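# Inside the fold
Read off the chains here:
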Amino acid sequence: MRELICITCPLGCRLVVDTDEHGEMKVTGNRCVRGEQYAREEMFNPKRVVTFTCAALLPDGSVPGPRSDLPRRVPVRSTVAFPKEKIPELLDALRGITVRLPVVRGTVVLRQALGTEVDVIVARSIASK
Amino acid sequence: MKELSFDAVVIGGGAAGMAAALELDTRGHSVLIVEREATLGGILMQCIHNGFGLIEFNEELTGPEFAQRFEEDIRNRNIQTSLRTTVLDIREEGGLKAIYCVSPSQGMMRIEARAIVLAMGCRERTRGNIRIPGTRPAGIYTAGLAQRLINIEGFIPGKDVVIIGSGDIGLIMARRMSWSGCKVHAVIEILPYPSGLTRNIVQCLDDFGIPLYLSHLVTNIYGKDRVEGIEVTPIESGALMHEKAFRIACDTVLLSVGLVPENELSRNAGIELQPATNGPWVDSTLMTTMPGVFACGNVLHVHDLVDYVVEEARRAGANAAAWISGYRPERELRVKAGPNIRYVMPMRINLERENRFYMRSLIVKNDARLEVRLDGAVVRSRRLAHVQPSEMLSLMLVPEELSAAGRDSTVEIALL
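Residues numbered from 1 in each chain as written. Chains lettered and ligands numbered in written order. Predicted model: local features only at pLDDT ≥ 70, side-chain atom pairs only at ≥ 80, totals over all residues.

## A closer look at the overall build of chain B
Put simply, the test is: The helix count covers DSSP runs of H or I at least four residues long, the strand count covers runs of E at least two residues long, and both are numbered beginning at the N terminus. The globule rule used here is 2.2 Å times the number of residues to the 0.38 power, and the radius of gyration it is set against is calculated over C-alpha atoms. Buried, partly exposed and exposed are defined by the number of other C-beta atoms within 10 Å of a residue's own C-beta, namely 20 or more, between the two limits, and 12 or fewer respectively, with C-beta atoms placed from the backbone.
Assigned secondary structure in chain B consists of eight helices and 30 strands. Here chain B has a C-alpha radius of gyration of 23 Å; the compact-globule value for 416 residues is 22 Å, and the two agree. Its C-alpha atoms give chain B principal-axis dimensions of about 65 × 60 × 40 Å. The 416 residues of chain B split such that 46% are buried.

## Comments concerning the sheet that holds strand β24 (residues 341–345) of chain B
Residues and elements named next belong to chain B. Counted only if it meets this: Two strands qualify as a pair provided that DSSP identifies no fewer than 2 bridges between them. To obtain each axis, a line is fitted to C-alpha atoms, and for helices this fit is confined to the stretch in contact; angles are then taken between N-to-C directions over 0 to 180 degrees.
Strands sit in the order β24-β26-β29 across an open sheet of three strands; the sheet is antiparallel. Each edge of the open sheet is held by one strand with a lone partner, namely β24 and β29 (393–397). Averaged over all adjacent pairs, the angle separating strand axes in this sheet is 25°, with direction ignored. Direction of pairing for β24 relative to strand β26 (residues 355–361): antiparallel, over a ladder of four bridges. Looking across to β26, one finds that M345 is bridged to Y358.

## Regarding the interface of chain B and chain A
As a reminder of what qualifies: Residues are treated as contacting if the C-beta atoms built from their backbones sit within 7 Å of each other. Charged residues are taken to be Asp, Glu, Lys and Arg, nonpolar residues to be Ala, Val, Leu, Ile, Met, Phe, Trp, Tyr, Cys and Pro, and polar residues to be all remaining types, Gly included.
Each partner contributes to the interface: chain B provides 21 residues, whereas chain A provides 23 residues. Residue assignment for the side of chain B that touches chain A shows that the elements contributing at least two residues are α2 (63–76), α4 (143–153), α6 (198–205) and β28 (377–387) of chain B. Per element, the largest residue contribution to the side of chain B that touches chain A is four residues, and it comes from α6 of chain B. Classifying every residue of the side of chain B that touches chain A gives eight nonpolar, nine polar and four charged.

## A look at the domain arrangement of chain B
When the parts of a complex come together, some accessible area is lost, and that lost area is often taken as the interface size. So the rule is basically this: Each domain's extent is set by a domain assignment, obtained either automatically or from a database.
As assigned here, chain B comprises domain 1 (1–124 + 258–328), domain 2 (126–257) and domain 3 (331–416). In this structure, domain 2 of chain B and domain 3 of chain B have C-alpha centres spaced 36 Å apart.

## Digging into the pairing of strand β11 (residues 160–164) of chain B
Regular strands place side chains that alternate from one sheet face to the opposite one. Residue and element names in this part refer to chain B. Short version of the rule: Viewed with both strands pointing away, a crossover whose connecting path from the first strand over the helix to the second turns clockwise is right-handed.
Within β11, four of the five residues are buried, leaving the element largely enclosed by the surrounding structure. Relative to strand β12 (residues 183–188), β11 runs parallel, the two sharing five bridges. Bridge pairing links V162 to A186 in β12. Handedness of the crossover joining β11 and β12 through helix α5 (residues 168–179): right-handed. As defined by bridge partners, β11 adjoins strand β18 (residues 252–255) across four bridges and the pair is classed as parallel. Bridging from a neighbouring strand, I164 pairs with L255 of β18.

## Considering the pairing of strand β6 (residues 73–78) of chain A
All names here are of chain A. The element β6 is largely enclosed, with a buried count of six among its six residues. Judged by which residues are buried, β6 turns out to be covered on both faces: R73, P75 and R77 on one side and V74, V76 and S78 on the other are all buried. In this sheet, β6 lies alongside strand β5 (residues 51–57) in antiparallel orientation, the contact comprising five bridges. Bridge assignment links T51 to a residue of β6, and that residue is R77. Two elements, β6 and strand β10 (residues 120–122), share three bridges in a ladder whose sense is antiparallel. The residue of β10 that forms the bridge with R77 is I121.

## Things to note about the sheet that holds strand β30 (residues 410–415) of chain B
Residues and elements named next belong to chain B. Strand order in the open sheet formed by five strands is β25-β23-β30-β27-β28, and the pairing between neighbours is mixed. What marks the edges here is a single partner per strand, and that holds for β25 (348–350) and β28. With strand direction ignored, the average angle separating the axes of adjacent strands in the sheet is 25°. With four bridges connecting them, strand β23 (residues 332–337) and β30 associate as parallel partners. Note that in β30 the partner of A337 across the bridge is I413.

## What about the packing of α4 of chain B against α5 of chain B?
Residue and element names in this part refer to chain B. Cut-off, in case you're wondering: By convention, the crossing between two helices is left-handed when the near helix turns anticlockwise from the far helix through less than a right angle, and right-handed when the turn is clockwise.
Two elements in contact, α4 and α5, have axes whose closest approach is 9 Å; the angle formed by their N-to-C orientations is 35°. As α4 runs across α5, the sense of the crossing is left-handed. Contacts from A143, G144, A146, Q147 and I150 of α4 reach α5 at I169, G170, M173 and R176. Here the residues of the contact of α4 with α5 sort into five nonpolar, three polar and one charged.

Written as structure tokens, this is what we have:
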């Protein structure tokens, strides 16, 4: 038996995951069908959307200075939820990525990250001046 | 001094300001957005986590994605913006509003408008606001400042972190700092329940094994030049248990202890504020006590979802447009926060059309009941699966429900 809190919506249902006499997984405590889906995924393959930043570089390859209006970090996100146990490895890969300005929202910075079907994309369009 | 003239001026280019400006433009009025920063988007630009837009776009976006959808709409419609511009003063001059502001490129400006929408947002409560004893070393930040440093400026403010307060920004920062290679040692909350959403407790603390100390108070901060640690004291039955106090070593303290609407401008203009929200008093059209000046978003009251902010801001924009066209509400009743309700927004109901209300609970409860009463008689009752102070409640009322209202009737909203 395992207790989980559903993170699908702000209600935060307290789920109890158990197996019945036939060895089938049984979820109780959920107030809607999404709770059961969440519990199944959380038990066997927990996933989270990853949001992070990569270093921004100006068109000439330099870092935006302290008086610049341009950000020094570019926000990025996984297109969908990413396997939880691989997140540290994904972050290490993202730490090594720089993004040249200007950049357009949706630009892929890491395609099929770590052999998954998940891409990491830029989450903000940024001009270069 | 440069002089400009618009039908309406929106002060603040965050989610609320952009949504209000779009609504004014839709209704055919010329509008200018005045924004202090170099970009539109406001606080959303540093909120790189996802979870925005579930109501507005039916998908989970990050803050910048949410903001830029609005910004692109603003650009496509050629709505004028004045960036890097700080508003200094709002005045009534010759039957119009005059907005005095400054920017590095334009210098001093005077902008005339028939209506103003206040959308300045809010700011964070600081250590001074909650009076934590101890030394004053470097390394103490509000959670939102740390968020800006990490997500936009590219600095990590410290390595060993303790977060005071379990508000959502603090929880989000616990995950952000953990993902950035920092060690978050604890989150300390004075109340017996978390202030943030349960889902954030799970995905920002539990996922990283970060302990949450409920009913605990930070009673000291140590360190001379840099923070070296904090003292934490448990609270039992309302009393500090000094003999059970313990110390946590850290080099950084983040504060996530609430937000305050940013109303210096409103106050200087003589706009009446109300203590329950720290925002302006508004009528059923979200108009402040200065005729023609409307307020929406976090400057009016602190929201927990940006989706609610834009809904309210659209109403403020539409109402400002109607005001410019000469509309004045004819029949309004007072709306009162009843038992277990901290405040109801707005504080007046318009008996000529439907009214959207937002309110905050004072209690944590499962299977609660929300009651609308007209002069004590229940006119609507709704069951709520779960209520807590950190989750704003929303309610729509139509005039037909209040057909029994007399001239001096009062509407009261209660939570049981």
